[in-house]
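Analysis of the macromolecular model
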Amino acid sequence: MRWIIDYQTGVPVYLQLMQQVKSAVATGAMRAGDQLPSVRAMAEELRVNRNTVARAWAELETEGVIANRQGLGCFVTEKVTPLRKAVRNERLALALDQVIVQAHHLQVSDDTLRALLDERITHFHHVRKAQGD
Amino acid sequence: MAPVISLTDLRIRYGSKDAVNGLSLQVEAGRCHALLGRNGAGKTSAMRALLGLLRPDQGAVRLFGLDPAKHEAEVKSRLAWVPDSPSFYPWMSVREALAYAASTRTGWRKDIEEHLCSRFTLDLDAPTSGLSKGEKTQLALTCAVSADPELLVLDEPTTGLDPLVRRQFLEAVIGTFQDRQPEKKTIFVSTHLISEFEGIIDDFTVLAGGRAVLSADADGARQRFCRLRGWFDETVPPQAAIPSVLSTKRDGRLLELVVDSGADETRAWLQGAGASRIETTALSLEEIFVCAA
C-alpha cells in the first residue's frame with residue numbers, strides 16, 4: 001500500500017491518513033484482519049510527527065475501522081461501526097455537503113452529479129470484486 | 001502542567017541593536033515547535049537565551065516551569081541540544097566522545113547509543129577530528145538522543161548536510177527520540193529547510209526583526225493561507241479590494257491571489273467577476289514563511 005501526504009490540500013495530515021485507510025478498506029485493498037503499519041514505522045517512512053500518526057490510528061479506532069490489540073498492533077476490524085445510525089447519517093451528510101459545494105463551484109448540474117454518484121458506486125463495486133478474485 | 005518552554009517579553013541587545021525585541025512564546029509538552037526566520041531575525045539569540053548561553057537584557061525564560069538561572073543543573077539534565085556546527089575534543093575518538101557525553105548525564109541509554117551508531121554507521125575508533133560535517137552532526141544527535149532528554153533543541157541541525165544524511169537525521173529524531181512516551185518528548189527546532197521538517201512541525205513562530213510576526217499551528221495555518229487561481233475567458237478584471245489578499249499575480253487570462261483567511265469571499269468575488277474555473281490550494285509552511293517574514 002502506498003501512502004501519500006499532500007501538504008497542498010490544506011487537509012490536516014491525520015485526516016489524510018485516516019482517509020487513506022478508509023478508502024483502502026472500502027476498495028478491498030485492506031481487509032478485516034489486515035495489520036496496519038506501526039505508528040513508528042509509518043511516521044519514519046512519511047517523516048511526519050508520531051503524534052500525528054497516533055492520532056489518526058486512535059480516531060480510526062474510535063470509529064471502529066481498526067482495533068488495537070495490545071502489544072500486537074492495529075488491525076482492520078470486521079465491518080461493525082459503533083456509531084448510531086443517526087450519527088452515521090449525519091457524518092455522511094456533512095461529507096456530501098462538501099461534494100455538493102464543489103459541484104456548484106465547478107458548475108456541474110444536479111443531474112450530472114447524481115449520475116456521477118451512481119457511476120462511482122458501481123466503480124467501487126468493480127474494484128472490490130477485482131480485489132476479491 | 002507548566003509549558004516546557006515559556007519565553008515572556010524577551011529582549012536581547014547587542015550595543016544599540018535589538019536582536020530580540022519582545023519575543024513571547026510557549027511550547028507544550030509533546031509538541032514540535034519550529035522557530036523560523038531569515039538570517040539575522042533573532043533565532044540564534046533566542047535559542048542561546050533559552051539554553052542559558054546568553055543572558056537576556058529583559059524578559060523571562062522558563063523551562064519546565066523553572067528559572068534556568070536558579071535551577072541550572074535540573075534544567076540542563078532534562079534537555080539536550082544539537083548545535084549547527086557541533087564540535088568535539090579533537091583528541092578523542094568517537095567512542096571516547098560518547099563515553100564522555102555519557103559520563104555527564106544520568107539516565108544514559110546505552111541501547112539508543114548502540115542503535116544510532118549502527119544506523120549511522122559511525123566508526124567508533126575514528127578520531128573526531130577527522131569526521132565530516134555530516135558525521136559530526138550524527139554524533140551530536142546520538143549524544144543528545146542517548147541522554148533520553150524530555151526536550152530536544154535543534155539549532156539549524158541539517159544545514160549543509162547532504163539529502164541522505166538529512167533524511168537519516170529526521171528519521172532518527174522521529175523513530176528514536178520520540179520512541180518512548182512521545183507525549184512527553186518535546187522538540188524545539190530552528191531551521192531554514194522548512195519543507196523537510198513540514199511533517200513533524202506541530203506549531204511554529206516566524207521571527208522578523210526580533211519579534212514574532214506569526215505564531216500558529218501548522219494544520220491551522222495551512223487551512224488559513226490559500227492560493228486561489230481563477231481563469232477568465234475574456235479579460236482579467238482589475239484587482240478587487242479584498243482585505244485578506246496578500247499578493248496578486250497576473251498571467252494572461254489567469255489571476256492568482258494569495259489570501260490569509262477569507263478564501264470563501266475571494267472565491268465568491270472571482271466567481272462574480274466571471275472566472276470560468278477556480279482552483280484553491282493550501283500554502284506549504286515554506287510559502288507561508290515567505291509571506292510572513
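All residue numbers refer to position in the chain's written sequence, counted from 1. Note on labels: chains are lettered from A, ligands numbered from 1, in written order. Under the rules for a predicted model, residues below a pLDDT of 70 receive no local features and side-chain atom pairs below 80 are neither given nor counted, while totals for whole chains, interfaces and linings still include all residues.

As a further point, take the pairing of strand E9 (residues 211-217) of chain B. Residue and element names in this part refer to chain B. Strands pair, by our definition, only if DSSP identifies at least two bridges between them. Strands here mean DSSP runs of E at least two residues long; helices mean DSSP runs of H or I at least four residues long; both are numbered from the N terminus. Note: strand E8 (residues 203-208) against E9, 6 bridges, orientation antiparallel. By the bridge assignment, Val-206 is partnered in E9 with Leu-214. Linking E8 to E9, which pair antiparallel, is a turn of 2 residues; within it Gly-209 sits at a positive phi near 55 degrees.

Here chain B averages 90 in pLDDT, while 100% of its residues score no lower than 70. Here the complex is predicted with pTM 0.83, and the ipTM for its interfaces comes to 0.74. The predictor attaches a confidence to each residue, called pLDDT, with possible values from 0 through 100.

Before going further, it helps to spend a moment on the interface of chain B and chain A. Placing a C-beta atom from the backbone of each residue, one calls two residues in contact when those atoms lie within 7 Å. Contacts between the two partners involve 21 residues from chain B, matched on the other side by 18 residues from chain A. Going through the elements one at a time, helix H6 (163-177), helix H8 (218-224) and strand E13 (275-282) of chain B are the ones with two or more residues in the side of chain B that touches chain A. Of all the elements, H6 of chain B adds the most residues to the side of chain B that touches chain A, at 4 residues. Put simply, Ala, Val, Leu, Ile, Met, Phe, Trp, Tyr, Cys and Pro go in the nonpolar bin, Asp, Glu, Lys and Arg in the charged bin, and everything else, Gly too, in the polar bin. Broken down by class, the residue content of the side of chain B that touches chain A amounts to 8 nonpolar, 7 polar and 6 charged.

Turning next to unusual backbone geometry. Residues and elements named next belong to chain B. Even without being a glycine, Thr-121 presents a positive backbone phi close to 50 degrees. Assignment of secondary structure puts Thr-121 in the loop between helix H4 (110-119) and helix H5 (133-146). Positioned with a positive phi, Ser-261 is a non-glycine residue whose angle comes to about 60 degrees. Each residue is classified by how many other C-beta atoms fall within 10 Å of its C-beta atom, where C-beta atoms are placed from the backbone; a count of 20 or more means buried, 12 or fewer means exposed, and values in between mean partly exposed. Residue classification places Ser-261 among the partly exposed positions, given that 13 C-beta atoms sit within 10 Å.

To continue, consider the sheet that holds strand E2 (residues 17-27) of chain B. In sheet architecture, strand pairing relies on hydrogen bonds along the backbone and comes in two forms, parallel and antiparallel. All names here are of chain B. Spatially, the 3 strands line up as an open sheet ordered E2-E1-E4, and their pairing is antiparallel. For this open sheet the edge positions go to E2 and strand E4 (58-63), each flanked by a neighbour on one side alone. Shown here is a sheet whose adjacent strand axes are inclined to one another by a mean of 20 degrees, direction ignored. Where strand E1 (residues 5-14) and E2 come together, 8 bridges link them in antiparallel fashion. What sits directly across from Ser-6, in E2, is Gln-26. Between N-to-C directions, angles cover 0 to 180 degrees, with each direction set by a line fitted to C-alpha atoms, over the stretch in contact for helices. With respect to the sheet, helix H1 (residues 43-50) is in contact with E1, E2 and E4, its orientation differing from that of E1 by roughly 120 degrees.

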